[in-house]
Amino acid sequence: NAGVTQTPKFRVLKTGQSMTLLCAQDMNHEYMYWYRQDPGMGLRLIHYSVGEGTTAKGEVPDGYNVSRLKKQNFLLGLESAAPSQTSVYFCASSRAGTSKQETQYFGPGTRLLVL
Amino acid sequence: LAKTTQPISMDSYEGQEVNITCSHNNIATNDYITWYQQFPSQGPRFIIQGYKTKVTNEVASLFIPADRKSSTLSLPRVSLSDTAVYYCLVGDGKGSSYKLIFGSGTRLLVRP
């Protein structure tokens, strides 16, 4: 049981390049999330998904797109990378939430540097 | 939006009890209060969750007063390995729109 895994661990991009970050979970969770964390800051929610084939915007969605074609995978895409997107990206998953907050399980993070 | 306010940083010494208070004046009736811990270069990890009064597990205790406008995370007898950032979260919405809002957290430094 690997939990939540993220690929790649580290990436350097030039401004304007595109890339896709992959998140995979093996806990059969319904919900998945993408966060970014800038130095010395808390996590900010980019996009999230409450089930296969569904996605929704979080706090800071601009410049990112996501897809959830399979329940276990959640992809984060940067179509045209900008230096402001230099950050650490965390993926998380949880069981379906109702009124009680379900525990989110986080991946190890992907460090992205945009030059 | 339910927002939280925590101290930016705290210092402690090994063996002491540490209490971190979080303010959440606009907490909704159905919201739970959850605390996460984050070590450098790692994703956050769930510590404890509660709705009211007191919750205790093997790691920490969570105290929530009757008005639920604040909560206190209590770490008994901290060690150097408890040095981390601690986040207090309350929910934003429920059901299919459920998501969490992370603040800046409290940086706890435990000294020898």
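Look up a bit, the structure's there.
What you are looking at is a predicted structure, and each value in this text was computed from that prediction instead of being measured.

Chemist: Describe the environment of A:Val50, and please don't skip the residues or the numbers.
Modeler: Residue and element names in this part refer to chain A. Of note, valine 50 is situated in strand E5 (residues 43-51). Relative accessible area serves as the criterion here: at 25%, valine 50 is assigned to the partly exposed category. Separated by 22 residues in the primary sequence, valine 50 and glutamine 72 have C-alpha atoms spaced 12 Å apart.

Chemist: Break down the interface of chain A and chain B for me, citing the residues and quoting the values.
Modeler: Contact with chain A, which involves 25 residues of that partner, is made by 27 residues of chain B. Contact between chain A and chain B buries roughly 2000 Å² in total, counting both sides, with carbon and sulfur atoms accounting for 52%. Linking chain A with chain B are 0 salt bridges, by the criterion used here. Among the secondary structure elements, those contributing two or more residues to the side of chain A that touches chain B are strand E4 (31-37) and E5 of chain A.

Chemist: Please provide a residue-by-residue account of the nonpolar core, values included.
Modeler: In terms of nonpolar packing, the biggest core is built from 20 residues, with B:Ile33, B:Trp35, B:Ile47, B:Leu73, B:Leu75 and B:Tyr86 touching the most fellow members. Sort the elements by how many residues they give to this core and strand E8 (residues 84-92) of chain B lands first, with 4 residues. Apart from the residues lying within four places of it in its own chain, the contact partners of B:Ile47 are B:Trp35, B:Tyr36, B:Gln37, B:Asn57, B:Val59, B:Ala60, B:Leu73 and B:Tyr86. The next biggest cluster of nonpolar side chains, apart from the first, holds 18 residues, and it includes A:Leu13, A:Met19, A:Cys23 and A:Leu78.

Chemist: Can you break down the layout of surface pockets residue by residue, with the values?
Modeler: Taken as a whole, the largest pocket encloses approximately 510 Å³ of empty space. Looking at the lining of the largest pocket, the elements with two or more residues in it are strand E9 (87-94) and strand E11 (110-114) of chain A together with E8 and strand E10 (106-111) of chain B. Here the element with the most residues in the lining of the largest pocket is E11(A); it accounts for 4 residues. Each residue belonging to the lining of the largest pocket can be placed in one class, and the counts come to 14 nonpolar, 10 polar and 4 charged.

Chemist: Tell me what's going on with the sheet that holds strand E7 (residues 70-75) of chain B, and back it up with residues and numbers.
Modeler: All names here are of chain B. With antiparallel pairing, 4 strands are arranged side by side in an open sheet as E2-E7-E6-E5. Both edges of this open sheet fall to strand E2 (18-23) and strand E5 (53-56), since each of them pairs with a single strand only. Here the average twist between neighbouring strands, direction ignored, is 15°. In this structure, E5 lies alongside strand E6 (residues 61-64), joined through 4 bridges in antiparallel fashion.

Chemist: I'd like a rundown of the sheet that holds strand E7 (residues 65-67) of chain A, residues and numbers included.
Modeler: Sheets are built from strands that pair by backbone hydrogen bonding, the pairs being arranged parallel or antiparallel. Residues and elements named next belong to chain A. Ordered by their spatial adjacency, 4 strands build an open sheet running E1-E3-E8-E7, and the pairing between neighbours is antiparallel. With partners counted over all chains shown, the strands left at the sheet margins are strand E1 (4-7) and E7, one partner each. Each strand axis lies, on average, 20° off the axis of its neighbour in the sheet, ignoring direction. In the sheet, E1 pairs with strand E3 (residues 19-25) via 4 bridges, with the strands oriented antiparallel.

Chemist: Please provide a residue-by-residue account of the pattern of salt bridges, values included.
Modeler: Note on pairing: side chains with opposite charge can pair once their charged atoms come close. All names here are of chain A. Tallied over the entire structure, the rule returns 4 salt bridges over all chains. Here arginine 36 and aspartate 38 are joined by a salt bridge, their closest N and O atoms 2.9 Å apart. Overall, the relative accessible area of 17% leaves aspartate 38 in the buried class.

Chemist: Account for the state of the cysteines, with residues named and values stated.
Modeler: When the sulfur atoms of two cysteines share a covalent bond, that bond is a disulfide. All names here are of chain A. Applying the stated criterion to the full structure yields 2 disulfides over all chains. Here cysteine 23 is linked by a disulfide to cysteine 91, with a sulfur-sulfur distance of 1.8 Å. Of note, the bridge from cysteine 23 to cysteine 91 carries an S-S torsion of about -75° and is left-handed in sense. With cysteine 23 in strand E3 and cysteine 91 in strand E9, this pair connects stretches of sequence that are 68 residues apart. Accessibility expressed as a relative area gives 0% for cysteine 91, which makes it buried.

The rules behind these values
Residue numbering note: each chain is counted from 1, following its sequence as written. Chains and ligands are labelled sequentially in the order written, the chains with letters from A and the ligands with numbers from 1. Note on the predicted model: pLDDT of at least 70 is required for a residue's local features to be given, and 80 or more for side-chain atom pairs to be given and counted; whole-chain, interface and lining totals, by contrast, use all residues. Water and hydrogen atoms were dropped before computing side-chain values, which therefore reflect all heavy atoms in the structure. We count a stretch as a helix when DSSP gives it H or I for four or more residues in a row; a strand needs E for two or more, and each element gets its number in order from the N terminus. Each residue is placed in one exposure class: buried if its accessible area under a 1.4 Å probe, protein chains only, is under 20% of its type's maximum, exposed if it is over 50%, and partly exposed if it falls in between. Any two residues having at least one pair of non-hydrogen atoms within 4.5 Å are treated as being in contact. We define buried area as the total accessible area lost by two parts upon association, computed with a 1.4 Å probe and summed across both. Take a side-chain nitrogen of Lys or Arg and a carboxyl oxygen of Asp or Glu: if they are within 4 Å of each other, that pair is a salt bridge. In this description, a nonpolar core means a group of buried Ala, Val, Leu, Ile, Met, Phe, Trp, Tyr and Cys residues linked to one another through side-chain atoms lying within 4.5 Å. Cavity means a closed set of points on a 1 Å grid over the protein atoms alone, one where a 1.4 Å probe fits but cannot get out, pocket means an open set with protein on both sides within 12 Å along at least 5 of 7 lines, and lining means a residue has an atom within 4 Å of a point. Grid points are joined across faces, edges and corners, and a volume is the space filled by probe spheres set on the points. Residues are grouped as follows: Ala, Val, Leu, Ile, Met, Phe, Trp, Tyr, Cys and Pro are nonpolar; Asp, Glu, Lys and Arg are charged; every other residue, Gly included, is polar. Here, strands pair whenever DSSP counts at least two bridges between them. Lines fitted to C-alpha atoms define the axes here, with helix axes fitted over just the stretch in contact, and angles between the N-to-C directions of these axes take values from 0 to 180 degrees. Two cysteine sulfurs form what is called a disulfide whenever their separation falls within 2.5 Å.

Take it as geometry only, folks, not as evidence of what the structure does.
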